[in-house]
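# Analysis of the macromolecular model
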Amino acid sequence: MRFILALTAVSIAVGLAAPIADAQPRYGDIVVTSHNTKTLCWIDRKSGAMTTLATFPTDPIPVIMAANNTDILVPERGAPGNVWNVTPAGTVTTAAQASGTGLGEVVGADWLQSGELMVCASAYGSRGWLRSVNLTANSFTTIFTAPISHMRHAAI
């Protein structure tokens, strides 16, 4: 009986410690953003558990893996279009800006072959833009302006 209780206590202690040591996304896990809670969450593909990784001051719309294949880039939907870098531990830093006041909301992202980030920006009811964002120089260049209201996502 003592052996079973001791084994149960060890199992409970190990079970409680495992999520703490494992509370960050791994290769193959699913990462999602929430419009309502302004959060970045990851879903463990083995257990199905969803964990909040970061909370933002404004709406995070797209999500994309960073070039280091570990961090996550989350462009901000509203102006000035910050591109946040989120580490697997949940640390949030601003990597660059992809827009400016009155220059549309960032709603899609993909990688260009040059290593820059391509973002879609849209001004409600009027037009959309494709922009190249240089994360190193913290600058953006408009590649294309389209007479499309609600231009959303683009892929290369």
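Residues numbered from 1 in each chain as written. Predicted model: local features only at pLDDT ≥ 70, side-chain atom pairs only at ≥ 80, totals over all residues. Heavy atoms only, no water.

## Some details on the side chain of Asp110
Cut-off, in case you're wondering: Secondary structure counts use DSSP, requiring at least four H or I residues in a row for a helix and at least two E residues in a row for a strand, with both numbered from the N terminus. Contacts: residue pairs with any heavy atoms within 4.5 Å of one another.
Residue position: Asp110 is located in strand E8 (residues 105–111). If sequence neighbours within four positions are ignored, Asp110 has contacts with Ile64, Glu116, Leu117, Met118, Ala154, Ala155 and Ile156.

## Looking at the sheet that holds strand E9 (residues 117–123)
Backbone hydrogen bonds are what pair the strands of a sheet, in a parallel or an antiparallel way. Quick reminder of the rule: A pair of strands counts as paired when DSSP detects no fewer than two bridges linking them. As a rule, the C-alpha atoms of each element are fitted with a line to give its axis, helices using only the stretch in contact, and angles between N-to-C directions run from 0 to 180 degrees.
Read across the sheet, 4 strands follow the order E8-E9-E10-E11 without closing on themselves; strand pairing throughout is antiparallel. On the outer flanks of this sheet lie E8 and strand E11 (139–146), each paired with one strand and no other. On average, each strand axis in the sheet is tilted by 25° relative to the strand beside it, whichever way the strands run. Looking at chain direction, E9 and strand E10 (residues 127–134) are connected through 7 bridges and run antiparallel. Note that in E10 the partner of Cys120 across the bridge is Leu130.

## What to know about the environment of Pro62
Along the chain, Pro62 falls in the loop between strand E3 (50–55) and strand E4 (64–65). With 46 residues separating them along the chain, Pro62 and Gly108 place their C-alpha atoms 5.3 Å apart. With residues up to four places along the chain from it excluded, the contact list for Pro62 reads Thr33, Leu73, Val74, Pro75, Val106, Val107, Gly108 and Ala109.

## Some remarks on the pairing of strand E7 (residues 92–97)
As judged from the 5 bridges shared by strand E6 (residues 82–86) and E7, these two strands associate in the antiparallel manner. The residue bridging Val86 from the neighbouring strand is Val92, located in E7.

## A closer look at unusual backbone geometry
Our working definition: Under the scheme applied here, a residue whose accessible area is under 20% of the maximum for its type counts as buried, over 50% as exposed, and between as partly exposed, the area being computed with a 1.4 Å probe on protein chains only.
Backbone geometry at Lys38 places phi at a positive 55°, although glycine is not the residue there. By secondary structure assignment, the location of Lys38 is in the loop between strand E1 (30–34) and strand E2 (39–43). Residue classification places Lys38 among the partly exposed positions, given a relative accessible area of 31%. Within the chain, Asn138 stands out as a residue other than glycine whose phi angle is a positive 50°. The residue Asn138 is located in the loop between E10 and E11 in this model. Note on Asn138: relative accessible area 44%, which makes it partly exposed.

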